[in-house]
Amino acid sequence: MSRQQPSGHEECRYPLQDGDWVVMDGHQKGRVLLVDDEPLIQKLISTLLVSAGYVVQTAVDGLDGLGKLRAELPDLIISDLNMDRMSGREFLDVVRKRFPQIPVIVTTAEFANEMPSGVTADAYYYKGGLPLQPLLETISELTNKPPLRTGLPLIDNGPAQAKWDGDGQYLIECKDCLRVFSFPHTPDVVRDEKWTICIHCGNLVRFLMAAQVERV
Ligand SMILES: [Zn+2]
């Protein structure tokens, strides 16, 4: 693509190595979060989207993607399915529960004519296929139509409820990555909300102990 210089007050930030938003000019069509662990694919698709007028942020896997969603919600997500730490399937599942309004396109490097089974994304794109024009058309279609899902998120913003596992530990589901981790029981932990760090995604988790929840 040609890298045109913007004029006037229009913003231009490039390249996209650190996952920052990339703004090519002042004519933005929407914000896209691109989650892919393959640098070349990430750069190829990002460059295409930026040249088409989208603002792009990149992430290397599902956990990194969730971290990016803490700062700002995009208009659309494109996610690879096969990634370490958190796969595209798990990431899609979390996004559906927390941000059902955001359309998601999944991509794979393995050839398939249709959406892989068990995946509930809004569209599917075979990366090895190229050309990229169909991907642009799908993005435009999904970002221009009314929201596909208007229901409320399945995950609320209240404190997580730690559940006693009967064996010296409390189990807490992180409200950010929706994974469960254990928290050791200590006698002084009985009242008030507590805070701990999710061992999976590093999110600060607010929680109540089960005994306290029952007394409220
Ligand atoms: Zn977490």
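The structure presented is a predicted model; accordingly, all values stated were derived computationally and were not measured.

Asker: Just give me the short version of the overall build of the protein, but keep the residues and values in it.
Answerer: Within the protein, the regular secondary structure consists of five helices and ten strands. Within the protein, the proportion of its 216 residues that are buried is 27%. For the protein, the share of sequence-separated contacts (at least 6 apart) that also reach a separation of at least 24 residues comes to 53%.

Asker: Got a sec to walk through the sheet that holds strand E9 (residues 194–197)? Specific residues and values, please.
Answerer: With respect to topology, five strands assemble into an open sheet ordered E8-E7-E6-E10-E9, the strand pairing being mixed. Strands at the two margins of the open sheet, each flanked by one partner only, are strand E8 (180–184) and E9. For this sheet the average axis-to-axis angle between neighbouring strands, irrespective of direction, equals 40°. Pairing of E9 with strand E10 (residues 204–209), which is carried by four bridges, proceeds in the antiparallel orientation. Counted as the bridge partner of Lys-194 is Phe-207 from E10.

Asker: Before we move on, could you go through the nonpolar core and cite the residues and values that matter?
Answerer: Counting 41 residues, the largest nonpolar core has Val-32 and Ile-77 as its most contacted members. Taken domain by domain, this core gets at least three of its residues from each of domain 1 (30–144) and domain 2 (160–215). Aside from chain neighbours lying at most four places away, what touches Val-32 is Leu-49, Tyr-54, Val-56, Pro-74, Asp-75, Leu-76, Ile-78 and Ile-139.

Asker: Any chance you could break down helix H1 (residues 39–51) for me, citing the residues and the numbers?
Answerer: Compared with the 18 Å implied by 1.5 Å per residue over 13 residues, the 18 Å span of H1 between its first and last C-alpha is a close match. Residues of H1 that are buried: Gln-42, Ile-45, Ser-46, Leu-49 and Val-50. Looking straight down H1, one finds that the buried residues subtend no more than 130° of arc, so they occupy a single side. One or two steps after H1, the chain reaches Gly-53, where phi turns positive at roughly 105°.

Cut-offs applied
- Residues numbered from 1 in each chain as written.
- Predicted model: local features only at pLDDT ≥ 70, side-chain atom pairs only at ≥ 80, totals over all residues.
- Helix = DSSP H or I, 4+ residues; strand = E, 2+ residues; numbered from the N terminus.
- Buried ≥ 20, exposed ≤ 12 C-beta atoms within 10 Å, placed from the backbone.
- Contact = placed C-beta atoms within 7 Å.
- Pairing = 2+ DSSP bridges.
- Axes fitted to C-alpha atoms, helices over the stretch in contact; angles between N-to-C directions.
- Core = buried A, V, L, I, M, F, W, Y, C linked by C-beta atoms within 7 Å.
- Domains from an automatic or database assignment.
- Expected span 1.5 Å × (residues − 1).
- Arc of directions from axis to C-beta.

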